[in-house]
Amino acid sequence: MTPQVPSGSSALTLPVLPPDTDLQTGERVGELIYRTLRDRIISGELRPGARLSVPALAEEFRVSRSPVRDAVIRLVQDDLAREEMNRGAVVARIEGEELVSLYEAREALEWAVARLAAERYTPALRRRLLALLTEHREVAEAGDFARHIELDAAFHREIRQAAQSPVLIRMLDGVQGRVMIAMRSTSLTGGMVQAVAEHQAIFEALGSGDPDAAGEAARAHIRRLKELLRAAC
């Protein structure tokens, strides 16, 4: 049995847990299942509206229902899944005003982490960001929207990790996961080439070591996307 997905979607085969996993350690198993399902939701393998059937997933993972149920509850708490009447938990749909609200929060948070990253800028961070920018520019010019989403997220993830603020990282991780769900199901591209240009501006501001300039470059980038989304509502 495989998890049920909306009509028109491809059935998914979720991997079983590694053979050496200690199935007696419920917390360990639940964490593995949670991370596996979260990755599939954010990557788009599990689409908005896909059912997270506890019995089907337990059979697929070859574990009891308890750790699967715990994992699904965590996804609901993260707002990556929602409970629906007569259907149970399904992957969340995030659109309209909810997505605008996410970008309002993201604007403030990206401003904060960019300021901190500028203060903690290193040659290693510069190399990683430059590599991402180089590939992102090629991808944007080729019009590959799926890869654009991945590289966009990777660029911002590097910056928030560089900020070295566990609280801000945790908050932005939650926001970014929901943003990626939404952007995979929208026709709004946000202007891929322009996004790369704005990333370049953030990169240069970070390299200058000026926290104010870095924060403003990050905020301007997210604000533009927020206004595009607001206009589309």
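Residues numbered from 1 in each chain as written. Predicted model: local features only at pLDDT ≥ 70, side-chain atom pairs only at ≥ 80, totals over all residues. Heavy atoms only, no water.

Here we look at the overall build of the protein
Item 1. Check the secondary structure of the protein and you find 9 helices and 2 strands.
Item 2. Counting helices and strands in the order they occur from the N terminus, the protein gives α-α-α-β-β-α-α-α-α-α-α.
Item 3. When each of the 233 residues of the protein is scored for burial, the buried share is 46%.
Item 4. Across the protein, the fraction of contacts at a sequence separation of at least 24, relative to all contacts at a separation of at least 6, is 73%.
Item 5. Carbon and sulfur atoms make up 50% of the accessible area of the protein, which amounts to about 11,600 Å² in all. (Helix = DSSP H or I, 4+ residues; strand = E, 2+ residues; numbered from the N terminus. Buried < 20%, exposed > 50% of the residue type's maximum accessible area, 1.4 Å probe, protein only. Contact = heavy atoms within 4.5 Å. Areas by Shrake-Rupley, 256 points an atom, 1.4 Å probe, with all protein chains shown as cover.)

Describing the pairing of strand β2 (residues 88–91)
Item 1. The sheet contact formed by strand β1 (residues 81–84) and β2 spans 4 bridges and is antiparallel. By the bridge assignment, Ala81 is partnered in β2 with Val91.
Item 2. Taken together, β1 and the strand that follows it, β2, pair antiparallel across an intervening segment of 3 residues, in which Asn86 is found at a positive phi of about 65 degrees. (Pairing = 2+ DSSP bridges.)

Points about the packing of aromatic side chains
Aromatic rings considered in pairs are described by the distance between their centres and by the relative angle of their planes.
Item 1. On inspection of all chains with the given rule, the structure shows 0 aromatic pairs.
Item 2. The residue whose ring lies beneath Arg74 is Tyr34, and the NZ or CZ to ring-centre distance is 3.7 Å. (Phe/Tyr/Trp six-rings, centres within 6.5 Å; stacked < 30°, edge-to-face > 60°. Lys NZ or Arg CZ within 6 Å of the ring centre and 35° of its normal.)

Some points on the pattern of salt bridges
Item 1. Enumeration over the complete set of coordinates arrives at 21 salt bridges.
Item 2. Notably, a salt bridge pairs Arg82 with Glu98, separated by 2.5 Å at the nearest N-O pair. Residue Arg82 is found in strand β1, and its partner Glu98 is found in helix α4 (residues 96–119); the two are separated by 16 residues along the sequence.
Item 3. On the basis of relative accessibility, which here comes to 25%, the residue Glu98 falls in the partly exposed class.
Item 4. Where Glu110 meets Arg106, a salt bridge forms, and the shortest distance between an N and an O atom there is 3.1 Å. Placement of both Glu110 and Arg106 in helix α4 is noted, with a separation of 4 residues, approximately one turn of the helix. Arg106 matches Glu110 in its accessibility class, with the two residues each being buried.
Item 5. One salt-bridge network, held together by shared partners, links Glu104, Glu107, Arg223, Lys226, Glu227 and Arg230. (Salt bridge = Lys/Arg side-chain N within 4 Å of Asp/Glu carboxyl O.)

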